Amino acid sequence: MLSLARSGGTLPRLLHHCRAALSANFRPKSTVPSQQQDQDYDGSSDEIRINTKPQHQRLEKRGPLMKNMFVGVVDTDLLVYPESLNRDEQARCVAEREPFEDGGRALGGLGVFALQSPLNFGGRALIETELAYFNEVIGGRDLGLGLVAGQHNAIVQLVTRFGSEGVKERLLGELSGGESTVSAALFEREAPTGGTMFGTVATLGATSQGWLLNGEKSFVLDGDRARWLLVLASTKPVEQMNELDTTITAFLVDANANGVKRSEADETLGLNGVKQVSVSFKNVEVSNAHIIGTEGNGSQVLVELLKSTRVQTSVLGVQQMKKFLNQLTKYCIETKTGGGHLMDIENIREELAKASAAIYAAESMIYMTTGLLDDFDGQDAEMEAAITKIFTGERLLQLALLPLKFVGPQALVQGSTFEQLLRDSLQFFGNGETLDSIKFYVALAGLQHAGSSTHETIRKDRNPAMNPSHVISRLFEKNTIDTPKQFCNLEHFLHPSLDAAAHWIEFSVVRLKLAVECALSRHGTEIIQRHIELVRVADVAVLLYAMVATASRASRSYCIGLKHADHEIQLANTFCREASERVHRLAKDLEQGQFVTNDANYDGMARYLFRQKGYCFEHPIAKNF
């Protein structure tokens, strides 16, 4: 059953939301003044002297926002756009960022590798919202450095949280000061053999004090310069040497240790200032003290790493999108055609408007996600972080190709602004994990959550002969993908000018729930093999989260009277309408299945292609007589 999760009574729509936006009832309101020393910031200097920092206050963990939407549950308290930083925190963050905005100063000397390091090691101890605010400037000035510093800061935060005391005392100082950097070594070119999760394997040495690491990692960003590597490896205790290994462990490995060998840098399409290398390990000794977390708990370390890097990488992607849009806007204003300027052509205006809406949505998703991570203790927001990266990556690729449509050949002239932006954007898009793999995660995580909540309904759907009354009730179901019904009146929690957007969001929640039930009822546990349907489920979730974040942000802007707020309302309504229409199409395809859609036809065509080992059809002018 679709349901509404909220607290307190229902107030008039406008009053309810305006009060929520202004007072941020479900956001941290204060820090601890007694922890803050005097003169942390001297306004006469452009340097920030950080001796201590008030601790950011977190609320109790809430239920997962997006996962619950897979079962038709909406936590309306989380629809209020986050106010993660109070006035003092925001003023401090703005003041600290000012030196980074000075184009005459090198970013490397401003502590970009200490943004999330502890204060007692010379760091700034930024929370995710603050880090995103800093990364806007870093990504705008140097995309490559933003990627390198981003993964460095995320790993330093892991060392701070999960590293041994000895490692923290010995390394956090040099990592925070930029004397050495750390890179993530996660990816491998070849599939593992022998039943392990990774081809890189760590086994206990002759003594129980250390491990021997063997294997190879590829596409290590900045691996030619990094002194330390975060390596995920399969681990086999001695007593399990002959058994299949299903556990992984995270190790902090010295890149200069005996047995570590780095390859020549790979040739890349863009981001030429940042190198990617392969790193091989041959009987590399790693002590127990260099395990991050605990033995066999590498999966949790990986989840924490990806949760942060996915959001912060999206910040860099948004800055790249803004560069494209601003350059294209300038080009269209200045360039004339036979009948006027390019900006007078309707389809070009439409393309640029869609691009601005995509940037607005991506920004909204980023800061809604960082709000979830910062404001609630241990909040389950892995799905929201993954969705944010999917949306940003796909929209960046679309925008990167846009100049080819109406700028023409000069967009590809070597050295031109568009050409360099295109190269860097394509390299950025292809860096790290693929978007399809993230979509599989989003879909499977949501389906698993839905399956545990609706298993009784799914069981009855899959056994119609044993549950005839259930089947009959389904036949007369009035709430369908084509005719969804409102169930929680979301318009009460947004500004009245966003009534249309609220309805489309609510209908999309219903469609996601019904489509998920349909897919689980049809395939059961075999859904894991239905990759096209998994991608469709993920696409619906991505669009739904984008709608929620966009409408929530626009509502806040209008309620507190921000500049351009009326245009934000128009943008949010327009975006939500188009996204809702696409959600309807995707949900309908999930309901109809592969034999009504073209899925089965395309599958047969692809299998024939593989049998023929390539395109095999005869030439159009060939004769058979």
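Residues numbered from 1 in each chain as written. Predicted model: local features only at pLDDT ≥ 70, side-chain atom pairs only at ≥ 80, totals over all residues. Heavy atoms only, no water.

1. So, the overall build of the chain
Scanning the chain for helices and strands turns up 18 helices and twelve strands. The buried share among the 625 residues of the chain stands at 52%. Summing over all exposed atoms, the chain offers an accessible surface of approximately 29400 Å²; the carbon and sulfur share of this is 52%. (Helix = DSSP H or I, 4+ residues; strand = E, 2+ residues; numbered from the N terminus. Buried < 20%, exposed > 50% of the residue type's maximum accessible area, 1.4 Å probe, protein only. Areas by Shrake-Rupley, 256 points an atom, 1.4 Å probe, with all protein chains shown as cover.)

2. Description of the environment of A411
With respect to the helices, strands and loops of the structure, A411 is situated in the loop between α10 (403–406) and α11 (417–429). A411 sits in the buried class, given a relative accessible area of 2%. Distance in space between the C-alpha atoms of A411 and L422 is 8.8 Å, their sequence separation being eleven residues. Those residues in contact with A411, other than ones at most four positions away along the chain, are P403, L404, S416, F418 and E419. (Contact = heavy atoms within 4.5 Å.)

3. Some words on the pattern of salt bridges
A side chain with one charge can pair with a side chain of the opposite charge if their charged atoms come near. As enumerated under the stated definition, the model contains 35 salt bridges in all. With a shortest N-O distance of 3.0 Å, R92 and E96 are connected by a salt bridge. Taken together, the residues span about one helical turn, with R92 and E96 both in helix α3 (residues 87–97) at a distance of four residues. Per residue, the accessibility class of R92 equals that of E96, and both read buried. Between K307 and E382 there is a salt bridge, and its shortest N-O distance comes to 3.7 Å. Within this pair, whereas K307 is found in helix α7 (residues 298–334), its partner E382 is found in helix α9 (residues 382–401), the two being separated by 75 residues in sequence. In this structure, K307 and E382 share a single accessibility class: buried. Beyond isolated ion pairs, a larger network of salt bridges with shared partners links R161, E304, K307 and E382. (Salt bridge = Lys/Arg side-chain N within 4 Å of Asp/Glu carboxyl O.)

4. Examining the packing of α9 against α11
Where α9 meets α11, the axes come as close as 10 Å, and the angle between the chain directions of the two elements is 155°. On the basis of their axis angle, the class for α9 and α11 is roughly antiparallel. For the pair α9 and α11, the crossing hand works out as left-handed. Every residue of α11 that contacts α9 at G393, E394, L396, L397, A400 and L401 is listed here: L422, S425, L426, F428 and F429. Here the contact of α9 with α11 is built from residues that sort into eight nonpolar, two polar and one charged. (Axes fitted to C-alpha atoms, helices over the stretch in contact; angles between N-to-C directions. Parallel < 35°, antiparallel > 145°, perpendicular 65-115°, else oblique. Left-handed = near helix turned anticlockwise from the far one by under 90°. Nonpolar A, V, L, I, M, F, W, Y, C, P; charged D, E, K, R; others polar.)

5. Some details on the pairing of strand β7 (residues 248–254)
Of all seven residues in β7, seven are buried; the element is thus mostly enclosed. Going residue by residue along β7, you find I248, A250, L252 and D254 tucked away on one face and T249, F251 and V253 tucked away on the opposite face as well. As paired elements, β7 and strand β10 (residues 291–292) share two bridges and run antiparallel to each other. Its bridge partner being in β10, A250 is matched across the sheet by I292. (Pairing = 2+ DSSP bridges.)

6. Digging into helix α5 (residues 143–162)
Taking 1.5 Å per residue as the helical rise, α5 with its 20 residues ought to reach 28 Å, and the 29 Å between its terminal C-alpha atoms agrees with that figure. The buried fraction of α5 amounts to 16 of the 20 residues, a majority that puts the element mostly inside the structure. Among the residues of α5, the N-terminal cap falls to D142, whose side-chain oxygen and the backbone nitrogen of G144 are separated by 3.3 Å. (Expected span 1.5 Å × (residues − 1). Polar contact = N/O pair within 3.5 Å; in protein donor to acceptor, adjacent residues only side chain to side chain.)

7. Let's talk about the confidence of the model for the chain
On average, residues of the chain carry a pLDDT of 89, and 90% of them reach 70 or more. Highest mean pLDDT in the chain belongs to helix α16 (residues 531–560) (98); lowest belongs to helix α1 (residues 13–23) (39). Here residues 6–49 scores under 50 on pLDDT; set against residues more than four positions off or in separate chains, the count is 90 contacts. (pLDDT = per-residue confidence, 0-100.)

8. With respect to the packing of aromatic side chains
Pairs of aromatic rings are described using the distance from one ring centre to the other and the angle between the two planes. Within the structure shown, the criterion is met by five aromatic pairs. Between the aromatic rings of F391 and F575, the centroid separation amounts to 6.2 Å while the plane-to-plane angle is 70°, which identifies the pairing as edge-to-face. Highlighted residues: F391 in helix α9 and F575 in helix α17 (residues 565–592), separated in sequence by 184 residues. A residue is classified by how much of its surface remains accessible, and F575, at 9% relative accessible area, is buried. Taking 5.2 Å as the distance between ring centres and 70° as the angle between the ring planes, the aromatic pair formed by Y615 and F617 counts as edge-to-face. Classification of Y615 by relative accessible area gives exposed; the value is 69%. (Phe/Tyr/Trp six-rings, centres within 6.5 Å; stacked < 30°, edge-to-face > 60°.)

9. Regarding the side chain of S180
Among the structural elements, S180 can be located in the loop between α6 (165–176) and β3 (182–185). Since its relative accessible area comes to 7%, S180 is described here as buried. Excluding its chain neighbours within four sequence positions, the residues that come into contact with S180 are H152, E174, L175, R227 and W228.

10. Quick notes on the nonpolar core
M69, F100 and I387 are the most contacted members of the largest nonpolar core, which totals 127 residues. The residues contacting I387, other than those within four sequence positions of it, are M66, M365, V442, A541, V542 and Y545. Counting 23 residues, the second-largest nonpolar core is a separate cluster that includes L158, L171, W228 and L305. (Core = buried A, V, L, I, M, F, W, Y, C linked by side-chain atoms within 4.5 Å.)

11. What about a nonpolar patch on the surface?
The grouping of Y608, L609, Y615 and F617 at the surface amounts to a nonpolar patch, some 470 Å² of accessible area in total. Within the fold, F617 resides in the segment after α18 (599–612). (Patch = residues over 30% accessible without salt bridge, like charges linked within 9 Å, V, L, I, M, F, W, Y side chains within 5 Å.)

12. Comments concerning the environment of A381
Its place among the elements puts A381 in the loop between α8 (346–375) and α9. Using a relative accessible area of 0% as the deciding quantity, one classes A381 as buried. Distance in space between the C-alpha atoms of A381 and K307 is 7.8 Å, their sequence separation being 74 residues. Residues in contact with A381, not counting those within four places in the same chain, are K307, L372 and L373.

13. Section: the side chain of S314
For S314, the position within the fold is in helix α7. Each residue touching S314, except ones within four places of it in the same chain, is listed here: I366, T388, K389 and T392.

14. Points about unusual backbone geometry
Here the phi dihedral of A125 falls at roughly 55°; this positive angle occurs in a residue that is not glycine. Position of A125 among the secondary structure elements: in the loop between α3 and α4 (128–141). Although it is not a glycine, N283 sits at a positive phi angle of roughly 50°. Considering the arrangement of structural elements, one finds N283 in strand β9 (residues 276–287). Under the relative-accessibility criterion, N283 is labelled partly exposed at 45%.

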